[in-house]
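Summary of the model geometry
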Amino acid sequence: AQRVTQPEKLLSVFKGAPVELKCNYSYSGSPELFWYVQYSRQRLQLLLRHISRESIKGFTADLNKGETSFHLKKPFAQEEDSAMYYCALKANTGNQFYFGTGTSLTVIP
Amino acid sequence: KAGVTQTPRYLIKTRGQQVTLSCSPISGHRSVSWYQQTPGQGLQFLFEYFSETQRNKGNFPGRFSGRQFSNSRSEMNVSTLELGDSALYLCASSLGTGDSRELFFGEGSRLTVL
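Below is a short write-up of the structure.

A few words now on the pairing of strand 11 (residues 109-113) of chain B. All names here are of chain B. A one-sided burial pattern is seen for strand 11, the buried positions being Ser109, Leu111 and Val113 and the unburied ones Arg110 and Thr112. Sheet analysis places strand 2 (residues 10-13) next to strand 11, joined by four bridges and oriented parallel. The partner of isoleucine 12 across the bridge, within strand 11, is threonine 112. Of the pairings in the sheet, the one linking strand 9 (residues 87-94) to strand 11 comprises three bridges and is antiparallel in character. Along strand 11, the bridge assignment pairs leucine 88 with arginine 110.

Written as structure tokens, this is what we have:
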């Protein structure tokens, strides 16, 4: 069965410290993975997708099929990174996404 | 471009009632998806509509239904409301075809069932 797991509900790091938000998935097909972010009082929005292999706001994420993981990383956390982060997997058919339960990141000044 | 618009933003119902939520997608987007967001479960997929046809459906009871109109606007309906239906209902639109993968979310409709 398809599942996305984010083991950390809450994560706090100091400004300037590295941050890693964990995401593991289970999916029988070829996965497409995404990170969505929700800043305070804003809508949920796309942060990055694995297929683009891009760095957005200093964040990167590498799809590791062997470990079925798609961890989100940033070398130096900033206060404006404080937000709720959701890992999501897109099913092969249509536009159905499976979301993790989210990790609330707090960057301490 | 106007974003995804959901109405109403807040509503309170009692058990047994029914509710209809509306979603207007971004202009040109033909796919509309609905998600239920609760603190314990996160975002759970309800269904997706594309060109007026339900293309995918999540694991929710038949009390949850939806439809899409020719202008891509979508509605979802929940009948015989239960306390556990209290949640934030999010609508997301996308082009729904080709390489388009990004979901654009609305602000949600917060339903409270008493």
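Residues and elements named next belong to chain A. According to the stated counting rule, one finds two disulfides over all chains in the structure shown. Covalent S-S linkage joins cysteine 23 and cysteine 87, the inter-sulfur distance amounting to 2.0 Å. Because the sign of the S-S torsion sets the handedness, a value of about -65° for the bond joining cysteine 23 and cysteine 87 places this disulfide among the left-handed ones. A residue pair is termed long-range when its members are at least 10 positions apart, and cysteine 23 in the loop between strand 3 (19-21) and strand 4 (24-26) and cysteine 87 in strand 9 (residues 83-90) qualify at 64 residues.

On the chain B side, the residues contacting the 18 residues of chain A number 23 residues. Taken together, both faces of the contact between chain A and chain B bury some 1700 Å²; the carbon and sulfur share is 49%. The partner of Arg43(A) in a salt bridge is Glu107(B), with the nearest N and O atoms 3.8 Å apart. In this structure, the connection of chain A to chain B is made through five residue pairs in polar contact (both at pLDDT 80 or more). Of all elements in the fold, only strand 5 (32-38), strand 6 (45-49), strand 9 and strand 10 (97-99) of chain A reach the threshold of two or more residues within the side of chain A that touches chain B. Residue classes in the side of chain A that touches chain B are distributed as seven nonpolar, seven polar and four charged.

With that settled, consider the layout of surface pockets. Its boundaries defined by the atoms lining it, the largest pocket holds a volume of some 520 Å³. Gln2(A), Tyr98(A), Phe99(A), Leu43(B) and Gln44(B) are the residues nearest the centre of the largest pocket, which is lined by 19 residues in total. Sorting the residues of the lining of the largest pocket by element identifies strand 1 (3-5) and strand 10 of chain A together with strand 5 (42-50) of chain B as the ones contributing at least two each. Its residues assigned to classes, the lining of the largest pocket comprises eight nonpolar, nine polar and two charged. Within this model, the second largest pocket holds a volume of roughly 380 Å³.

All names here are of chain B. By the criterion of burial, strand 9 is predominantly enclosed, with eight of the eight residues buried. Burial of the side chains of strand 9 extends over both faces: Ala87, Tyr89, Cys91 and Ser93 are buried on one face and Leu88, Leu90, Ala92 and Ser94 on the other. Bridge count between strand 4 (residues 31-38) and strand 9: seven bridges; the pairing is antiparallel. When the bridges of strand 9 are listed, serine 31 appears paired with serine 94. In this sheet, strand 10 (residues 104-105) lies alongside strand 9 in antiparallel orientation, the contact comprising two bridges. Bridge pairing in strand 10 places alanine 92 opposite phenylalanine 105.

A few words now on the sheet that holds strand 8 (residues 74-78) of chain B. Residue and element names in this part refer to chain B. Overall, antiparallel pairing links the four strands, which are arranged 1-3-8-7 in an open sheet. In this open sheet, the two strands that pair with only one neighbour each are strand 1 (5-7) and strand 7 (64-68). In this sheet, adjacent strand axes meet at a mean angle of 15° when their direction is disregarded. Here strand 7 runs beside strand 8; their pairing, made up of five bridges, is antiparallel.

Parameters at a glance
- Residues numbered from 1 in each chain as written.
- Chains lettered and ligands numbered in written order.
- Predicted model: local features only at pLDDT ≥ 70, side-chain atom pairs only at ≥ 80, totals over all residues.
- Heavy atoms only, no water.
- Buried < 20%, exposed > 50% of the residue type's maximum accessible area, 1.4 Å probe, protein only.
- Helix = DSSP H or I, 4+ residues; strand = E, 2+ residues; numbered from the N terminus.
- Pairing = 2+ DSSP bridges.
- Disulfide = S-S within 2.5 Å.
- Contact = heavy atoms within 4.5 Å.
- Buried area = accessible area lost by both parts, 1.4 Å probe.
- Salt bridge = Lys/Arg side-chain N within 4 Å of Asp/Glu carboxyl O.
- Polar contact = N/O pair within 3.5 Å; in protein donor to acceptor, adjacent residues only side chain to side chain.
- Nonpolar A, V, L, I, M, F, W, Y, C, P; charged D, E, K, R; others polar.
- 1 Å grid on protein atoms, 1.4 Å probe; cavity = no way out; pocket = protein on both sides within 12 Å on 5 of 7 lines; lining within 4 Å.
- Points joined across faces, edges and corners; volume = space filled by probe spheres on them.
- Axes fitted to C-alpha atoms, helices over the stretch in contact; angles between N-to-C directions.

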